[in-house]
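Structural description and commentary
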Amino acid sequence: MPAKILLVDDDPDVMLFNKTVAEENGFQTVTAANGEEGLALLEKEHPDLVVLDVLMPRQSGVKMYRTIKTEEKWRDIPVIILSGISRRSFLKSQEALTEFGEENVPQPEAYLEKPVEAGDLARTIQNNLKKAEN
Amino acid sequence: MMSGPVKKLLFVTRFEDLGFDTLQLFLELRKTSLEHIVFLYVIQRDKVAFQRGVGYKKSEEIRLREKANIRFIDWAETLFEQGMEVGVYITVGNLVSQVLSAVDKEGIDLVVIGNSEKKRLSQLVSGSDIAELMHRTPAPVLTINFPSDAKRLTENPFHRPLVALNWLPGEQRILDFLLSLKGIVQGVDVIHVAREQDLKGTSAMGVQKTRKEQRKRLEAVCGQLEASDISAQAHVYVGEPSEEIHRAARDCRSSLIVIGSPQKKAFDGKFRKSLPVELAETALCPVLLVPGSSAAAGEP
C-alpha cells in the first residue's frame, strides 16, 4: 500500500505541483488549503507524512505544525515544511511561542524553501518516510 | 451585539497607502488581546480584465500576485518571529466583496483600511468603498486617509480617541470596544454635537440648559470609562456635526475619531453621504466606524 501524504498549501499552483510530484513517485495524496483543514484531515486520513506551507489563511503552518508536534497521537508523523517563509523565521516563531509559555517543539524533519525542484521534494519525502519506518 | 477584544485584525493594503510602518503602530494591541494579523491585497479587476485583442492579462495578474506575495512574506516573517499568527489573502475582484469575504471567513474583530486621495476623487461618481463597507460589515472599520495622514500617523490611533455620541442604542458598542482596549487607551474625549437648529428660538437660559443636559449625559459615559481606569473628558459642541467633530478632534489633539455607523439593508451610498462616511473621507486623523447603531451620530 502506498504511503499517504497530506499536502497543505493555499496556492492552487503549488498544490498541483506538489500533488503531481508526490503521485508520480507512487504516493497517495490528500490535500488541504489551510491549517484548519489540514488538522481535520490529519484526524480523518492518518497520513504517513505532511508537506506543510507556512503562510496561509485561517490557520498558518506555524500553528498547525505546533499542534502536530504537541499532540501525542501525531508527534511522530514527519513534517516537511515547504514555504516562502525562511527556515530562520519559522524556527524563531516557534522559539517565540515557547517563550510565551507554550510547549517546546522539535525542529521539523525537513525544511524546503520555495521554489523547490521536483527531484528535491520527491527525495525529501522518500528519505523522511524511510527514517520514520526505522 | 457586543464589541469584544481585538484578537484578529484584517489589514487591507494597496502598499502605496498602508505599509508595515502603519501596521506596527497596531501591534501595541498585543498587550490586550491581538494575536492574529490577516493581510489582504485585492487586485482591481480592471488591471487584469479581459481586453479585445489582449484577452485576460494572466501574466499581469501573476506579476501583481507575486509582487504582493513577496511583500507579505517579508512582513509575515517579522510577525511570525514575534510569535504572532499571520494569514494572507491575495485576490482579484471587488475590494468591498473581498473584505467582507475575509471578515466572514476569518472572524475578523477589526478592519484597518487606507483611503487614498486619488481613490476618494474617483469615487465621487462611482460611490465610496468605505461607505459600502461600513454599511455591510459586522466588524469595526478603521480608515486612514492618505496622503494626509502619512506624515502624522506616528502613534497608535487608540491612544487618544475622540468619541462622537448621539445617544443611539447601538453606541454602547463603541464604549465596549474602548473598554476592551484598557491599557492602550491613554485618555478619551467624549463629544456630543448639538445642532444649531435645535437651539433656535430658545433663550440663553434654554441653550445653557441644553448644554447642561448633554454634558450630564456625557459625564455619565465618562464615569463608565473612568470606572475602568480610562480617563475621560466630556465636551459639548454646537453646529454642523461634521465640522464640529473635526474641530473637536483638533482641539483635543485626538489620534482617532470614533463614531457609530449605521447598517442598512439596501446600500444607498451613491446617493447620500452619511456623517460617518463624510468623516472617514475627510478627517485628518484615522476614523473608527463601529457598526451596530440604527442611525449614525449627528444624523437626523
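Notes on the structure in this doc start here. Remember, it's a predicted structure, so these values are computed and weren't measured experimentally. (Residues numbered from 1 in each chain as written. Chains lettered and ligands numbered in written order. Predicted model: local features only at pLDDT ≥ 70, side-chain atom pairs only at ≥ 80, totals over all residues.)

Regarding its fold elements, chain A presents five helices and five strands. Its C-alpha atoms give chain A a radius of gyration of 14 Å, near enough to 14 Å, the size a compact globule of 134 residues would have. Structurally, chain A occupies a C-alpha span of about 40 × 30 × 25 Å along its principal axes. The burial tally for chain A puts 40% of its 134 residues in the buried class. The contacts of chain A with a sequence gap of at least 6 include a subset with a gap of at least 24, amounting to 70%. (Helix = DSSP H or I, 4+ residues; strand = E, 2+ residues; numbered from the N terminus. Rg over C-alpha atoms; globule rule 2.2 N^0.38 Å. Buried ≥ 20, exposed ≤ 12 C-beta atoms within 10 Å, placed from the backbone. Contact = placed C-beta atoms within 7 Å.)

Omega for the peptide link from lysine 114 of chain A to proline 115 of chain A comes to -5 degrees, which places this bond in the cis form. Mapped onto the secondary structure, proline 115 of chain A falls in the loop between strand E5 (110-113) and helix H5 (118-133). Phi is positive for arginine 253 of chain B, which is not a glycine, with a value near 50 degrees.

The subject of this paragraph is the pairing of strand E1 (residues 8-12) of chain B. Residue and element names in this part refer to chain B. Among the five residues that make up E1, four are buried, leaving the element largely enclosed by the rest of the structure. With five bridges joining them, E1 and strand E2 (residues 36-44) adopt parallel strand pairing. Residue leucine 9 lies in a different strand from E2, and its bridge partner there is isoleucine 37. In this fold, E1 hands off to helix H1 (residues 20-26), which returns the chain to E2; that crossover is right-handed. (Pairing = 2+ DSSP bridges. Right-handed = clockwise from strand over helix to strand, strands pointing away.)

Purely geometric numbers; function is a separate question.
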